[in-house]
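Tertiary structure, described
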Amino acid sequence: MKIESVVLMLCAMVIAIPWAQSVSEGPKGVEEWFKELPIKKQKVTKLHFYFHDTTTGPRQTAFQIAESNISSTTVTQFGRTFMFDNPLTVEPDARSMRIGKGQGFFGAASFEEPRFLMNLNFVFTQGKYNGSTLQFLGTNPILHRVREMSIVGGTGVFRLARGIATAQTYFLNDTSSIVEYNLMVQDKIKVMLRYVLFVFDIGNVFIIESAFIIGSTSRIRRTPKIL
Ligand SMILES: *[C@@H]1O[C@H](CO)[C@@H](O)[C@H](O)[C@H]1NC(C)=O
Ligand SMILES: *[C@@H]1O[C@H](CO)[C@@H](O)[C@H](O)[C@H]1NC(C)=O
Ligand SMILES: *[C@@H]1O[C@H](CO)[C@@H](O)[C@H](O)[C@H]1NC(C)=O
């Protein structure tokens, strides 16, 4: 009975330990991070920044890498694809503080309207997000007032992230655009709170104890060693 009580106390203590922000890197660090997932709290992060896309001139950051043989004859430039390394800033002004880069490609993916496939990484370079990334994927009908796209993953402080990005054009002409982004990002997987009833049978006495424990449905599968 004493041992069980100690176990319960330990459970309660583990739940109460606050989780530190730092992440250790490398395969070992990631493995440890996964093991501790059940006691980590999920967090929602709100991010706001401006994305600068320039396709000509001395400050060009987006370059055409491909097109189809109908790109130049269709009004939507179907198939024209750009790879870019675009600055992300805190204000619409390109000279304002830079918090990272949007790196990836977009390509015209619709016959009917100007609509792009967006496939990129937000690579952050400031403060506690420095070195962390978010993976962004979606369809972008650029003339719509608000476009909604997905955050499908993350690294660093954004490990196992999921989220929604909304894009609104702040400025647009033939050669450059400034797009305002608002991101709502949930990191880690959802952890469940489970209520567990312990029943101990000691001689003729039944002892019933209960506890809330935090568990998760995920398990790490070890990859088999290749010989
Ligand atoms: C585009 O290329 C395909 C084959 O790759 C060809 O069949 C088609 O006729 C071409 N279209 C135009 C408009 O050149
Ligand atoms: C971000 O991290 C890199 C690599 O660790 C470091 O060189 C750089 O100084 C950091 N930048 C800021 C603004 O903290
Ligand atoms: C688009 O706007 C940028 C930034 O104001 C400017 O440098 C560029 O010349 C403009 N391009 C056209 C085609 O008007």
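Report follows, based on the coordinates.

Thresholds, definitions, all that
- Residues numbered from 1 in each chain as written.
- Chains lettered and ligands numbered in written order.
- Predicted model: local features only at pLDDT ≥ 70, side-chain atom pairs only at ≥ 80, totals over all residues.
- Helix = DSSP H or I, 4+ residues; strand = E, 2+ residues; numbered from the N terminus.
- Buried ≥ 20, exposed ≤ 12 C-beta atoms within 10 Å, placed from the backbone.
- Contact = placed C-beta atoms within 7 Å.
- Near = placed C-beta within 6 Å.
- Nonpolar A, V, L, I, M, F, W, Y, C, P; charged D, E, K, R; others polar.
- Pairing = 2+ DSSP bridges.
- Core = buried A, V, L, I, M, F, W, Y, C linked by C-beta atoms within 7 Å.

In terms of regular secondary structure, the protein is built from 2 helices and 11 strands. When the helices and strands of the protein are read in sequence order from the N terminus, they spell out α-α-β-β-β-β-β-β-β-β-β-β-β. In the protein, which comprises 227 residues, the share counted as buried stands at 19%. Counting contacts in the protein only where the partners sit at least 6 residues apart, residues at least 24 apart contribute 47% of the total.

With that settled, consider the site of ligand 2. Taken together, T125, Q126, N130 and G131 form the complete shell of residues around ligand 2. Along the lines of polarity and charge, the residues of the shell around ligand 2 split into no nonpolar, 4 polar and no charged.

In this section: the environment of V152. Note that V152 resides in strand β7 (residues 147–155). Along the chain, V152 and I164 lie 12 residues apart, while their C-alpha atoms are 8.7 Å from each other.

To continue, consider the pairing of strand β6 (residues 133–141). Where strand β5 (residues 115–124) and β6 come together, 9 bridges link them in antiparallel fashion. Within β6, the residue paired with F122 across the bridge is L134. As defined by bridge partners, β6 adjoins β7 across 5 bridges and the pair is classed as antiparallel. Across the sheet, T133 pairs through a bridge with T155, a residue of β7. The turn joining β6 and β7, which pair antiparallel and follow one another in sequence, is formed by 5 residues.

Looking now at the nonpolar core. Membership of the largest hydrophobic core comes to 29 residues, with the highest contact counts inside it found for F49, L134, F136, I151, Y181 and V185. Secondary-structure elements contributing two or more residues to this core are β1 (43–54), β3 (81–89), β4 (98–108), β5, β6, β8 (162–172) and β9 (176–187). Per element, the largest residue contribution to this core is 6 residues, and it comes from β5.

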